[in-house]
Amino acid sequence: MGDPMRIRAQAQGDKAVVRVLMSHEMETGQRKDSAGKVIPAWFIQEVGATLNGKPVFSAQWGTAIAKNPFLQFTVRGARAGDKAVVDWLDNRGDRRSDEATVV
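Scoring rules and cut-offs
- Residues numbered from 1 in each chain as written.
- Predicted model: local features only at pLDDT ≥ 70, side-chain atom pairs only at ≥ 80, totals over all residues.
- Heavy atoms only, no water.
- Pairing = 2+ DSSP bridges.
- Helix = DSSP H or I, 4+ residues; strand = E, 2+ residues; numbered from the N terminus.
- Axes fitted to C-alpha atoms, helices over the stretch in contact; angles between N-to-C directions.
- Phe/Tyr/Trp six-rings, centres within 6.5 Å; stacked < 30°, edge-to-face > 60°.
- Buried < 20%, exposed > 50% of the residue type's maximum accessible area, 1.4 Å probe, protein only.
- Lys NZ or Arg CZ within 6 Å of the ring centre and 35° of its normal.
- Lys, Arg positive; Asp, Glu negative; His and termini not counted.
- Salt bridge = Lys/Arg side-chain N within 4 Å of Asp/Glu carboxyl O.
- Polar contact = N/O pair within 3.5 Å; in protein donor to acceptor, adjacent residues only side chain to side chain.
- Contact = heavy atoms within 4.5 Å.

Would you mind showing me how to read the sheet that holds strand β7 (residues 95-101) here?
Hydrogen bonding along the main chain pairs the strands of a sheet, whether they run parallel or antiparallel. Judged by pairing direction, the sheet is antiparallel, and its four strands sit side by side in the order β4-β3-β6-β7 without closing on themselves. Sheet topology places β4 (54-60) and β7 at the edges, where each strand pairs with a single neighbour. Along the sheet, successive strands turn relative to each other by an average axial angle of 15°, direction set aside. As defined by bridge partners, strand β3 (residues 44-51) adjoins β4 across six bridges and the pair is classed as antiparallel.

Hey, could you run me through the packing of aromatic side chains in this one?
Two numbers describe a pair of aromatic rings. These are the distance of the centres and the angle of the planes. Applying the stated criterion to the full structure yields one aromatic pair. For the ring pair Phe 57 and Phe 73, a centre distance of 4.9 Å and an interplane angle of 5° mean the geometry is stacked. Of this pair, Phe 57 sits in strand β4 while Phe 73 sits in strand β5 (residues 70-76), and the two are 16 residues apart along the sequence. Judged by relative accessible area, which is 10%, Phe 73 ranks as buried. Taking the ring centre of Trp 42 as reference, the NZ or CZ of Arg 92 above it sits at 4.3 Å.

I would appreciate a short explanation of the side chain of Asp 82 in the present structure.
On the secondary structure map, Asp 82 appears in the loop between β5 and β6 (83-90). Summary of buried charges: Asp 82 has no salt-bridge partner, and the nearest side chain of opposite charge, Arg 79, is 6.1 Å away. At a separation of 3.2 Å, a polar atom in the side chain of Asp 82 contacts the side chain of Asn 52. A polar contact is formed between the side chain of Asp 82 and the backbone nitrogen of Arg 79, at a distance of 2.9 Å. Leaving out residues up to four positions away in the same chain, Asp 82 has contacts with Leu 51, Asn 52, Gly 77, Ala 100, Thr 101 and Val 102.

Got a minute to help me understand the sheet that holds strand β2 (residues 15-21) in this structure?
The strand order across the open sheet formed by three strands is β1-β2-β5, and the pairing between neighbours is antiparallel. Unpaired on one side and paired on the other, β1 (6-12) and β5 mark the two borders of the sheet. For this sheet, the mean inter-axis angle between neighbouring strands, taken without regard to orientation, is 15°. As judged from the seven bridges shared by β2 and β5, these two strands associate in the antiparallel manner. Looking across to β5, one finds that Arg 19 is bridged to Gln 72.

Structure representation (C-alpha cells):
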C-alpha cells in the first residue's frame, strides 16, 4: 500500500471540485536500472471515487500516467459535509483508499 493520498474537496455552489495527489512510483517497465536490468512495470490500473457511498467516477489507467499522479474532477450535487472517497488498484494488487469531507 502506498502513502496516503492528499485529497481536497471544495463545494462550489451545487457541485464540488475534488483534487487528489496520489503517491505512486508508476514504472512503465521500459526503464533499466544501473546494472542494465529492466525495472518491472508497476502502475495504477484502476481509479474510482464515491460521494457518500455512491460511485461518481471510475477510470482505467496504464503506463503512460506520470509518477505521483494528480487528478481533478467535479461532482454535481455535492454539499459541504459530504464524504468523498478515492481508491486505486495497481498491477501488483496493492490497493489504497482515502477520504475527505467536502468543505
